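# A look at the structure
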Amino acid sequence: MVRYILKRFLISLVTLLGLVTAVFFLVRMMPGDPFLSDKLTPEIRENMLRYWGFDRPLHVQYLHYLGNLIRGDLGISMHYNSVPINRLIADAFPQSADLGIRALMLAVVMGTTLGIVSALNRGRWLDYACILVAIIGVSLPDFIMGYLLQFVFGLKLKLLPIALWKGFKYTILPTIALSFYTTALLTRIMRASMLEVVHQDFIKVAKAKGLSTFQIVWRHQIRNAILPVVTLLGPITAAILTGTFVIESIYAVPGMGKYYVLGIQNLDYSQILGLTVFYGAFLVMANFAVDIVYGFIDPRIRVDRRERGA
């Protein structure tokens, strides 16, 4: 197991290096000039380029950025009064993570539950109801769901506040809006996986042994059917916890989304690169954690990979 973890860790580091390299050069290729303004004279513009190091060769800038990154320095914002990107993330990420954790917990619980209920009641009204929820969740974009929840529960019924981030009541609508698509996705995947597992030989053997329906479903069917769900938890967790731009904008959540959007609008290379690297690192770590959990859930995975020399 130790060898398996080390190899997964090394693969994650290589992936992260590739991500940083690709994002660095792609950001530099973005059209526009962050210092192109009628208020800046050519002399001031040259001084700005020199101050931010943009007058040096691109490969020198890249190596300098890697050196700072190894020390944990994501750079300085070019448009937020030279505020460090680390501070922007420290201020905004807790709000994004708070919303994301709530949405993720709700989506995992509801998605797996609806998928299990749907599969166990295949062809009945409960199955059709769960499928309908899944279809609606996958079909409706996040911003439509966000506005619908605001309109129904905030404006019409006046049960919940429609915006801001001041207390528990303010978190309910954005949490539901952010989790709805993931809930629908996990419902469909869990249902399909449950229906696939039910025809496997080990389920037939468990029935032949005389195990109860509860034991078969809980100890055998769900444990094997949940593997595809675990696989998706890595990217889903990273995407939700690092902030969803649309939902944060609709509900005025002071998360990372606004900084990312403003960074693109202002051509703030440091801000775009720093937030993207942070998001990418979070995604890589989430996938690494999923690989480890996957190995514990199904020992055949790490055994097979060790035999293949993976």
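Counting restarts for each chain, with residues numbered from 1 along the sequence as it is written. Residues qualify for local features only when their pLDDT is at least 70, as the model is predicted, and side-chain atom pairs are given and counted only at 80 or more; totals for whole chains, interfaces and linings, by contrast, use all residues. In computing side-chain properties, one takes all heavy atoms of the structure into account and sets aside hydrogens as well as water.

## Examining the overall build of the protein
Each helix and strand counted, the protein has 14 helices and zero strands in total. Helix and strand definitions here come from DSSP, where helices need a minimum of 4 consecutive H or I residues and strands a minimum of 2 consecutive E residues; each element is numbered from the N-terminal end. In the protein, the succession of helices and strands from N to C terminus is α-α-α-α-α-α-α-α-α-α-α-α-α-α. Viewed in the frame of its principal axes, the protein has a C-alpha envelope of about 85 × 60 × 30 Å. A contact between two residues is defined here by any heavy atoms of the two lying within 4.5 Å. Within the protein, counting contacts between residues at least 6 apart in sequence, those at least 24 apart form 76% of the total. Surface exposure of the protein reaches about 17,200 Å², of which carbon and sulfur atoms provide 67%. The charge count treats Lys and Arg as positive and Asp and Glu as negative. His and the chain ends do not count. The atoms used to mark charge sites are NZ of Lys, CZ of Arg, CG of Asp and CD of Glu. Averaging the positions of the 30 positive and the 18 negative side-chain charges in the protein gives two centres separated by 11 Å. In this description, accessible areas are obtained by the Shrake-Rupley approach with a 1.4 Å probe, and a residue is regarded as covered only by the protein chains that are shown.

## So, the packing of helix α4 (residues 85-120) against helix α10 (residues 227-241)
Packed helices, taken two at a time, are described by their axes: the angle between them and the distance between them. As a packed pair, α4 and α10 sit with axes 8 Å apart at the nearest point and diverge in direction by 150 degrees. Taken together, the axis directions place α4 and α10 in an arrangement best described as roughly antiparallel. Every pair of crossing elements has a handedness; the one defined by α4 and α10 is right-handed. Across the interface between the two elements, Phe-93, Ser-96, Ala-97, Gly-100, Ile-101, Ala-103, Leu-104, Val-108 and Thr-112 of α4 pack against Val-229, Leu-233, Ile-236, Thr-237, Ile-240 and Leu-241 of α10. Ten residues, namely Ala, Val, Leu, Ile, Met, Phe, Trp, Tyr, Cys and Pro, are considered nonpolar, four, namely Asp, Glu, Lys and Arg, are considered charged, and the remaining ones, Gly among them, are considered polar. Across the contact of α4 with α10, the residue classes break down as eleven nonpolar, four polar and no charged. Whenever a helix is involved, its axis is fitted only over the stretch in contact; in every case the axis is a line through C-alpha atoms, and angles between N-to-C directions fall within 0 to 180 degrees. Orientation is classified from the angle alone, with under 35 degrees giving roughly parallel, over 145 giving roughly antiparallel, 65 to 115 giving roughly perpendicular, and any other angle giving oblique. It is the rotation of the near helix from the far one that decides the hand of a crossing: anticlockwise by less than a right angle makes it left-handed, clockwise makes it right-handed.

## Re the confidence of the model for the protein
The pLDDT score gives, residue by residue, the confidence of the prediction method on a 0 to 100 scale. Per-residue confidence for the protein averages 83 on the pLDDT scale, and 92% of its residues sit at or above 70. The secondary-structure element of the protein with the lowest mean pLDDT is helix α14 (residues 299-308), recorded at 51, while helix α3 (residues 58-70) shows the highest, at 91. Counting contacts from residues 303-310, a segment whose pLDDT is below 50, to residues more than four positions away or on other chains yields seven contacts.

## Concerning a nonpolar patch on the surface
Where nonpolar side chains cluster on the molecular surface, the patch consists of Phe-143, Ile-144, Tyr-147, Leu-148, Phe-245, Val-246 and Val-261 and spans about 560 Å² of accessible area. Listing elements by their share of the nonpolar patch, those giving two or more residues are α6 (142-156) and α11 (245-250). Of all the elements, α6 adds the most residues to the nonpolar patch, at four residues. Along the chain, the position of Phe-245 falls in helix α11. Patch membership needs two things, relative accessible area over 30% and no salt bridge, and members are linked within 9 Å if like-charged or within 5 Å if nonpolar (Val, Leu, Ile, Met, Phe, Trp, Tyr). What counts as a salt bridge is simple: a side-chain nitrogen of Lys or Arg found within 4 Å of a carboxyl oxygen of Asp or Glu.

## Some details on the side chain of Asp-268
Among the structural elements, Asp-268 can be located in the loop between α12 (256-265) and α13 (269-297). Comment: no salt bridge for buried Asp-268; closest opposite-charge side chain is Arg-28, at 8.7 Å. Definition of a polar contact: a pair of N or O atoms within 3.5 Å, with one able to donate and the other able to accept a hydrogen when the atoms are protein atoms, and with sequence-neighbouring residues admitted only if both atoms are side-chain atoms. Separated by 2.8 Å, the side chains of Asp-268 and Ser-77 make a polar contact. When sequence neighbours within four positions are dropped, the list of residues in contact with Asp-268 reads Ser-77, Met-78, His-79 and Gly-263. With a 1.4 Å probe rolled over the protein chains alone, any residue whose accessible area is under 20% of its type maximum counts as buried; one over 50% counts as exposed, and the rest are partly exposed.

## As for the nonpolar core
The nonpolar core is taken to be a set of buried Ala, Val, Leu, Ile, Met, Phe, Trp, Tyr and Cys residues, with the residues joined through side-chain atoms within 4.5 Å. Phe-54 and Tyr-65 are the most contacted members of the largest nonpolar core, which has 32 residues in total. For this core, the elements supplying multiple residues, two or more each, are α1 (2-28), α3, α4, α10, α12 and α13. If one sorts the elements of this core by residue count, α13 sits on top with seven residues. Ignoring any residue separated from it by four or fewer positions in sequence, one finds Phe-54 in contact with Arg-28, Phe-35, Leu-49, Gln-61, Met-78 and Tyr-269.

## Considering the pattern of salt bridges
Counting across every chain of the model gives two salt bridges. Arg-102 is paired through a salt bridge with Asp-98; the nearest N and O atoms lie 2.9 Å apart. Placement of the pair is Arg-102 and Asp-98 together in helix α4, with a separation of four residues, close to one helical turn. Residue Asp-98 is classed as partly exposed on the basis of its relative accessible area, which comes to 27%. Arg-191 is the salt-bridge partner of Asp-127, the closest N and O atoms lying 2.9 Å from each other. Placement of Asp-127 in helix α5 (residues 125-139) and of Arg-191 in helix α7 (residues 168-197) is noted, with a sequence separation of 64 residues between them. A relative accessible area of 19% means that Arg-191 is categorised as buried.

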